[in-house]
Structures are given as C-alpha cells and as structure tokens.
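Structural characterization, general
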Amino acid sequence: MSEAYYTEAKVGKPAPNFEMEAVLAEGEGLDRFGKVSLEEIKAAGKWTVLYFYPLDFTFVCPTEIKRFNELYPKFKELGAELVACSCDSVFSHLAWQDRKDLGRLEHPHASDKTGEISAAYGIYDDEKGVAWRGTFIIDPEGTLKAAHVNHGEGGRNVDEVLRTLEVFKNEAEGKLVPCGWTPGKEFLTKG
C-alpha cells in the first residue's frame, strides 16, 4: 500500500499562513531575533518568496542562500520579501550567519523548529526531521502562485525564481507572458 502525503499548500489557493521566530537583518547578536509572518508581509502589500532548505552548516544550502541574498535587492525592487527557512533553531541560524561560509543575510531567516510549517507546505520529511528544498511564491493577497520542490541534494536556480516572480507580477498587471519570456522581451497581445 502506498503512503499518501497531504498538504495545505495548493497553487491557486490561499497559502498556508505562517508566523515563525527568525533572525532578522537589523541589529547585532541576540537583538536580531524577532518574528516573520505572512500576515505582516501581506499587510505591507508585498509578494512573498518563502524558500526552505534542509539544514544549516551544510554544503549545497549556502550556495543557494548566498545567491538569494545577492539577488535580494532585485526581489525588493519587485515588491517581494524573501524568507529563508529550515527546521534549525534561530540560534543555529545566527551561528551560521556569523561564519564566512554563509555570512549575514539581509532578509529574514526563519526557524520552523516543529516542522509544522514545512508540513503545511508539503515538504517535511518526518523520518529525517528536515524540510526539502521548496520554493513558494505568494502574491500580496496570499494566493500561492508557484510551488517548486527538490528532493535530495540538487540545488535550485535562484535566478529562475526571480524570473518566475517577474512572470507572475506581469500576469497580475494583465500582461500575457509567453513561454520562455525573460525581462525585456515582448509580451503577447490579444488579437
């Protein structure tokens, strides 16, 4: 008999709500601890890019997280908030950010210590107690617009996440975005 997985996360439906402890960009040391919530991001009229990764102090994860951090100004220009998340504690996140292999993040670094949020998004591995690499784009009204999950150690393409956000922002403005569209290319016209 096969095992069934159930998730609250359905593309085109309201994204599972979250509020988590996080290491924030502002402050020093333990003063950086705070919270991040989907409700607050929505209230600010922003898009949310919630990305999960398996564990702190690993090898593939920092390559992705550092690239998200490098592109954070572009995500902000598009009206989006990035939220990094794993099942590690905020203490682990802060210690990892203090090391050269990761460095300080300019966006919230959330802790899903119980795995509850990861499970709601359908990416929690209860045998290993980790979240898989999941990327979720949520519009300012809270609708889940895109979901992408990688199982295993293969890293994601952060530049593609940024492009996908741009696709959905243009779609929200009523533009017809063709296959393979990249910023600067033409949109389709009805006719």
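Residues numbered from 1 in each chain as written. Predicted model: local features only at pLDDT ≥ 70, side-chain atom pairs only at ≥ 80, totals over all residues. Heavy atoms only, no water.

**Some details on the packing of aromatic side chains**
What counts, and what does not: The rule is short: rings of Phe, Tyr and Trp, with Trp giving its six-membered ring, pair when the centres are within 6.5 Å, and they are stacked under 30 degrees, edge-to-face over 60, tilted in between. Secondary structure elements follow DSSP: runs of H or I no shorter than four residues count as helices, runs of E no shorter than two count as strands, and numbering proceeds from the N terminus. Classification of residues uses two cut-offs on accessible area relative to the type maximum, computed with a 1.4 Å probe and protein chains only: under 20% is buried, over 50% is exposed, and between them is partly exposed.
According to the stated counting rule, one finds nine aromatic pairs in the structure shown. Consider the rings of Phe 52 and Tyr 121, whose centres lie 5.9 Å apart with planes at 50 degrees: the pair is tilted. With Phe 52 in strand β3 (residues 47-52) and Tyr 121 in the loop between α4 (116-120) and β6 (124-125), the pair connects residues that are 69 residues apart, well separated along the chain. A single burial state applies to Phe 52 and to Tyr 121, both of which are buried. Three or more aromatic residues link up through ring pairs in this structure, and these residues are Tyr 51, Phe 68 and Phe 75.

**Describing the side chain of Asn 170**
To be explicit about the condition: Here, residues are in contact when the closest pair of their heavy atoms is within 4.5 Å.
Structurally, the position occupied by Asn 170 is in helix α5 (residues 158-172). Setting aside anything within four residues of it in sequence, one finds Asn 170 in contact with Lys 175, Val 177, Trp 181 and Phe 187.

**Notes on the nonpolar core**
Our working rule: The criterion is simple. A nonpolar core is a set of buried Ala, Val, Leu, Ile, Met, Phe, Trp, Tyr and Cys residues joined through side-chain atoms within 4.5 Å.
Ranked by size, the top nonpolar core spans 24 residues in total, and within it Val 49, Ile 65, Phe 68, Phe 75 and Leu 165 carry the most contacts. Elements with a minimum of two residues in this core: β3, α2 (61-77), β4 (80-86) and α5. Broken down by element, the residue count for this core peaks at six residues, all from α2. Here Phe 75 is in contact with Val 49, Phe 68, Ala 80, Leu 82, Val 158, Val 161, Leu 162 and Leu 165, once residues within four sequence places are set aside.

**Concerning the pattern of salt bridges**
Rules: Basic side-chain nitrogens of Lys or Arg form a salt bridge, by our definition, when they fall within 4 Å of a carboxyl oxygen of Asp or Glu.
Taken as a whole and assessed by the stated rule, the structure comprises eleven salt bridges. Residue Glu 28 is joined to Arg 104 by a salt bridge in which the shortest nitrogen-to-oxygen separation is 3.5 Å. Residue Glu 28 is found in the loop between β1 (19-23) and β2 (33-37), and its partner Arg 104 is found in the loop between α3 (90-97) and β5 (109-111); the two are separated by 76 residues along the sequence. Owing to a relative accessible area of 59%, Glu 28 belongs among the exposed residues under this scheme. We classify Arg 104 as partly exposed; its relative accessible area is 31%. Residue Arg 163 is joined to Glu 160 by a salt bridge in which the shortest nitrogen-to-oxygen separation is 2.9 Å.

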